[in-house]
Amino acid sequence: MRQLTPQEIAELTTRGCCAESWSKVTVAEDFDVTRLKDVSFYGKIEIGTMKGTIIVEEGFERRPTIAHATLKDVSIGNGCFIENIGGYISNYNIADGCYIANTGIISCTGRPTFGNGTTISVLNEGGDGNVVIYDKLTAQIAWLMMHYPQVRTLALHELSLRPQATRGEIGAGCRITGTKEIVNTTVCPMCEIQGATLIENTTLLSSTDAPTLIGPDVIIENSVVAKGATVTTGAKVSESFVGEAVHIGKGFSAEASLFFANAYMDNGESCAALCGPFSCSHHKSTLLIGGQFSFYNAGSGTNQSNHAYKMGPIHWGTLERGAKTASGSHILWPANIGAFSMVMGKLTTHPRLQNLPFSYILATGEKTYIVPGINLKTVGTWRDINKWPKRDGRPQSARRDIIDFEFPNPYIIQFVVAGKELLQSLLQQQGLDADEYRFEGCYIKYKALIDGIKYYDLALRLYTAPLPTDQWLDMCGMLSPKKDIDDLISDIDEGEITTTDELVEALTTHNRHNKYLYVGTQTPEYTEAYEQWLDMIRHDAEREYAMGDVEETQLKEFLEKVK
């Protein structure tokens with residue numbers, strides 16, 4: 001870099017440029033004065049080479065330029081295009097090949113954290129804060145923070161050792177257009193920001209193979225957005241983490257919430273929600289609040305209540321992996337819904353139904369009925385477990401969240417075992433001739449109970465590994481014996497794990513090992529059970545076809561896939 005010559009200063013002045021101090025403006029050796037027009041310089045300015053062209057869009061290239069802009073303490077890399085900055089750019093390092101146009105203010109002030117270290121209360125909205133948002137957060141680290149304060153302490157200590165930033169960063173190849181204000185925000189390479197309203201105290205992670213997109217009318221504050229994510233069309237994100245390949249759009253509002261790999265949120269809102277991998281909400285008037293979800297689908301108008309109007313919004317609940325809520329459903333927390341279950345109606349009895357997976361929970365008003373196990377045989381369940389692995393949109397560089405797609409798995413099977421025992425005990429305790437059996441404020445009809453035992457028996461025959469003897473956890477997508485996680489926490493306590501990177505590495509190692517614990521052998525009993533299960537799926541598809549709104553070719557195509 002060199003200082004400007006008197007001739008260059010004179011030429012820049014004739015081109016409408018001015019400087020608080022020309023001596024503080026340094027440029028590349030091959031600086032081309034003709035590439036600048038109407039630029040005001042304040043403080044220390046560095047400008048890289050301006051050779052070549054930059055792609056505006058397919059088939060349209062322009063020469064690197066700086067025009068109609070005010071810059072204060074800014075470093076600009078090679079080959080950048082900066083034009084029509086209505087406000088100013090202040091205290092930023094702009095890397096090579098960036099395109100910034102028709103934008104208001106980009107500034108970095110004070111002692112910025114870029115969203116790192118923001119502590120939020122997830123599930124218990126009225127809590128003291130149980131998750132630390134930062135740029136290395138994963139689904140598993142977040143889950144551990146909620147259950148083990150040592151992990152929060154580890155992350156906060158890690159952040160305290162980071163050097164204090166004095167400038168913002170805009171990474172190589174970024175495109176920022178039509179955006180009103182960016183304040184105290186790190187923008188990582190290849191990120192695209194189109195027409196956003198405000199991005200403040202935030203980190204936007206991005207890379208060449210996992211670019212992040214921020215779209216029109218978006219507001220993001222005190223948050224972190226992971227690689228490959230999309231936040232667009234009027235979404236509002238506050239004190240939240242938006243994970244790998246997550247989509248948030250169409251005016252969705254998120255506050256103090258976490259979204260992990262491949263979650264998809266449109267139209268509705270969330271508060272104090274843990275939305276694990278493949279959580280999905282498409283509809284307006286849908287509220288996810290104080291709940292833990294994963295592999296979840298929210299029906300239109302779905303909502304939950306975390307406020308009993310007594311001690312504040314402190315109640316919360318869990319929908320285990322694969323659970324769904326039907327249109328208009330309402331759950332009064334606390335409650336726990338079993339894996340792959342469906343909730344319909346207004347559920348107010350606070351049931352703990354984790355030991356009854358694959359169930360329908362039908363809240364009719366006067367009574368809530370459970371139909372145990374029935375969802376095992378539905379087309380929806382079969383489609384879900386087959387579609388999720390195919391819909392993982394994360395490139396290899398953005399797969400820090402650990403996701404186990406295996407079905408069935410020891411985590412679910414432990415509930416199937418408990419569910420079968422539970423139904424058998426209800427039969428013995430409440431009589432073989434009862435019309436209905438009461439459990440957790442709900443009712444199970446006699447035939448549904450008998451069929452439920454059969455469905456759970458089928459699920460057990462589909463699981464060919466030894467039945468789990470230890471408690472298993474679903475850590476927001478990763479499955480693990482609890483004793484392994486307790487050992488890792490002990491390693492933190494004893495100083496053997498000192499960073500969250502080391503913890504992620506240990507979790508990855510455990511995950512590889514744990515998969516061998518439930519790899520079974522396909523016995524004749526399994527083959528018979530599997531064919532029985534597929535027959536149930538086919539029959540359910542044929543029942544849907546009989547309703548009259550499914551084309552015969554569509555039915556045949558589906559049946560061909562059921563193998």
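Reading guide: rules and limits
- Residues numbered from 1 in each chain as written.
- Predicted model: local features only at pLDDT ≥ 70, side-chain atom pairs only at ≥ 80, totals over all residues.
- Heavy atoms only, no water.
- Helix = DSSP H or I, 4+ residues; strand = E, 2+ residues; numbered from the N terminus.
- Buried < 20%, exposed > 50% of the residue type's maximum accessible area, 1.4 Å probe, protein only.
- Contact = heavy atoms within 4.5 Å.
- Areas by Shrake-Rupley, 256 points an atom, 1.4 Å probe, with all protein chains shown as cover.
- Lys, Arg positive; Asp, Glu negative; His and termini not counted.
- Charge placed at Lys NZ, Arg CZ, Asp CG, Glu CD.
- Expected span 1.5 Å × (residues − 1).
- Axes fitted to C-alpha atoms, helices over the stretch in contact; angles between N-to-C directions.
- Nonpolar A, V, L, I, M, F, W, Y, C, P; charged D, E, K, R; others polar.
- Phe/Tyr/Trp six-rings, centres within 6.5 Å; stacked < 30°, edge-to-face > 60°.
- Lys NZ or Arg CZ within 6 Å of the ring centre and 35° of its normal.
- Salt bridge = Lys/Arg side-chain N within 4 Å of Asp/Glu carboxyl O.
- Pairing = 2+ DSSP bridges.
- Core = buried A, V, L, I, M, F, W, Y, C linked by side-chain atoms within 4.5 Å.
- Patch = residues over 30% accessible without salt bridge, like charges linked within 9 Å, V, L, I, M, F, W, Y side chains within 5 Å.
- Parallel < 35°, antiparallel > 145°, perpendicular 65-115°, else oblique.
- Left-handed = near helix turned anticlockwise from the far one by under 90°.
- Arc of directions from axis to C-beta.

Student: Explain the overall build of the protein to me, please; I cannot follow it from the model alone.
Tutor: Within the protein, the secondary structure is distributed over 10 helices and 44 strands. Each of the three principal axes of the protein carries a C-alpha extent, and together these read 100 × 60 × 50 Å. Among the 563 residues that make up the protein, the fraction classed as buried is 54%. By sequence separation, contacts in the protein at least 24 residues apart represent 42% of the contacts at least 6 residues apart. Entry remark: accessible area of the protein is about 23,900 Å², with carbon and sulfur atoms responsible for 50%. A distance of 3 Å separates the average location of the 50 positive side-chain charges in the protein from that of its 68 negative side-chain charges.

Student: Just checking my understanding: could you explain helix α7 (residues 482–493) for this structure?
Tutor: It helps to recall that an α-helix has 3.6 residues per turn; residues three or four apart then point in one direction. Across its 12 residues, α7 extends 17 Å between first and last C-alpha, which sits within 8% of the 16 Å expected from 1.5 Å per residue. If you follow the buried residues of α7, they end up packed against α2 (139–147), α3 (149–160), β43 (472–475), β44 (478–481) and α8 (500–514). Just past α7, the residue Gly495 takes up positive phi, approximately 80 degrees.

Student: Could you clarify how one ought to interpret the packing of helix α4 (residues 379–390) against helix α9 (residues 524–546) in this entry?
Tutor: Packed helix pairs are specified by the crossing angle of their axes together with the interaxial distance, meaning the distance between the axes. Remark: α4 packs on α9, axes separated minimally by 8 Å, with the N-to-C direction vectors making an angle of 115 degrees. Each of Val379, Trp382 and Ile385 in α4 lies in contact with α9, whose residues at this interface are Trp533, Leu534, Ile537, Asp540 and Ala541. When grouped by side-chain class, the residues that make up the contact of α4 with α9 number seven nonpolar, no polar and one charged.

Student: Please explain the packing of aromatic side chains as it appears in this structure.
Tutor: To describe a pair of aromatic rings, one takes the distance between the centres and the angle between the planes. For the structure shown, the criterion picks out 20 aromatic pairs. Aromatic rings pair up to connect Phe278, Phe295, Phe340, Phe358, Trp388, Phe405, Phe407, Tyr526, Tyr530 and Trp533 into one cluster. For the cation-ring pair, Arg175 lies above Tyr99, with the distance from its terminal atom to the ring centre recorded as 4.8 Å. A cation over a ring is seen here: Lys367 above Tyr443, with NZ or CZ 4.5 Å from the ring centre.

Student: Looking at this model, I keep getting lost on unusual backbone geometry. Mind explaining?
Tutor: Negative phi values dominate among residues other than glycine, just as trans dominates among peptide bonds. The amide bond that connects Trp333 to the next residue, Pro334, takes the cis arrangement and shows omega of 5 degrees. By the secondary structure assignment, Pro334 is in the loop between β35 (330–332) and β36 (336–337). That bond from Phe407 to Pro408 is cis: its omega, -10 degrees, falls within 30 degrees of zero. Position of Pro408 among the secondary structure elements: in the loop between α4 and α5 (410–430). Phi angles above zero are rare outside glycine, and Asn91 is one such case at about 60 degrees. Its location among the elements puts Asn91 in strand β8 (residues 81–94). A relative accessible area of 17% means that Asn91 is categorised as buried.

Student: Looking at this structure, how should I read the pattern of salt bridges?
Tutor: Where charged atoms of side chains with opposite charge meet at close range, the side chains can pair. Per the stated rule, a full pass over the model turns up 29 salt bridges. If you follow the salt bridges from partner to partner, you end up with Glu244, Asp392, Arg394 and Arg399 in one network.

Student: Any chance you could explain the pairing of strand β5 (residues 54–57) here in plain terms?
Tutor: For a regular strand, the rule is simple: side chains alternate between the two faces of the sheet. Where β5 meets strand β6 (residues 60–62), three bridges bridge the pair, whose relative direction is antiparallel. Among the inter-strand pairings, Ile54 is bridged to a residue of β6, identified as Arg62. The turn joining β5 and β6, which pair antiparallel and follow one another in sequence, is formed by two residues; a positive phi near 85 degrees is taken by Gly59.

Student: How should I be thinking about the pairing of β43 in this particular structure?
Tutor: With burial as the criterion, each face of β43 is covered, one bearing Trp472 and Asp474 and the other bearing Leu473 and Met475. Here four bridges tie β43 to β44, and the two strands are oriented antiparallel to one another. Among the inter-strand pairings, Met475 is bridged to a residue of β44, identified as Met478.

Student: How do you make sense of the nonpolar core when you look at a structure like this?
Tutor: A general tendency of soluble globular proteins is for nonpolar side chains to be buried together. Leu71, Ile94, Ile170, Ile193 and Trp533 are the most contacted members of the largest nonpolar core, which totals 126 residues. Discounting chain neighbours no more than four positions away, the residues touching Leu71 are Val39, Ser40, Phe41, Tyr42, Ile45, Ile66, Ile76 and Ile89. Listed in part, the 43 residues of the second largest apolar core include Ala142, Cys188, Cys476 and Ile489.

Student: Is there a simple way to think about a positive patch on the surface in this case?
Tutor: Residues Arg383, Lys390, Arg391 and Lys561 make up a contiguous surface patch of positive charge. Of note, Arg391 is situated in the loop between α4 and α5.

Student: Sorry if this is basic, but what is going on with the packing of α7 against α8 here?
Tutor: Two elements in contact, α7 and α8, have axes separated by 11 Å at closest approach and are oriented at 155 degrees. One finds that α7 runs roughly antiparallel with respect to α8. In terms of crossing hand, the pair formed by α7 and α8 is right-handed. Between α7 and α8, the contacting residues are Asp484, Ile485, Leu488 and Ile492 on the first element and Leu503, Ala506, Leu507, His510 and Asn514 on the second.

Student: I keep staring at α8 and nothing clicks. Help me out?
Tutor: Here α8 spans 20 Å end to end across 15 residues, near enough to the 21 Å set by a 1.5 Å rise per residue. Here α8 has its buried residues at Thr500, Leu503, Val504, Ala506, Leu507, Asn511 and Asn514. Around the axis of α8, the buried residues are gathered within 160 degrees of arc, so they sit on the same side. Exposed side of α8, more than 90 degrees from the buried face: Glu505 and Arg512 are the residues found there.

Student: What should I look at first to understand the side chain of Ser223 in this one?
Tutor: In this fold, Ser223 is placed in strand β18 (residues 219–225). Judged by its relative accessible area of 0%, Ser223 falls in the buried class. Once you skip the residues sitting within four places of it in the chain, Ser223 turns out to touch Phe114, Gly115, Asn201, Thr202, Thr203, Val237, Ser238, Glu239 and Ser240.

Student: Sorry if this is basic, but what is going on with the environment of Tyr369 here?
Tutor: Within the element layout of this structure, Tyr369 appears in strand β40 (residues 368–371). Taking the C-alpha atoms as reference points, Tyr369 and Ile105, 264 residues apart in sequence, are found 57 Å from one another. Residues within four places of Tyr369 in sequence aside, it is in contact with Tyr360, Ile361, Leu362, Thr364, Glu436, Tyr443 and Lys445.

Student: Explain the environment of Ser490 here, please?
Tutor: Relative to the helices and strands, Ser490 is located in helix α7. Given a relative accessible area of 31%, Ser490 falls into the partly exposed group. Placed 340 residues apart in sequence, Ser490 and Gln150 show a C-alpha to C-alpha distance of 9.6 Å.

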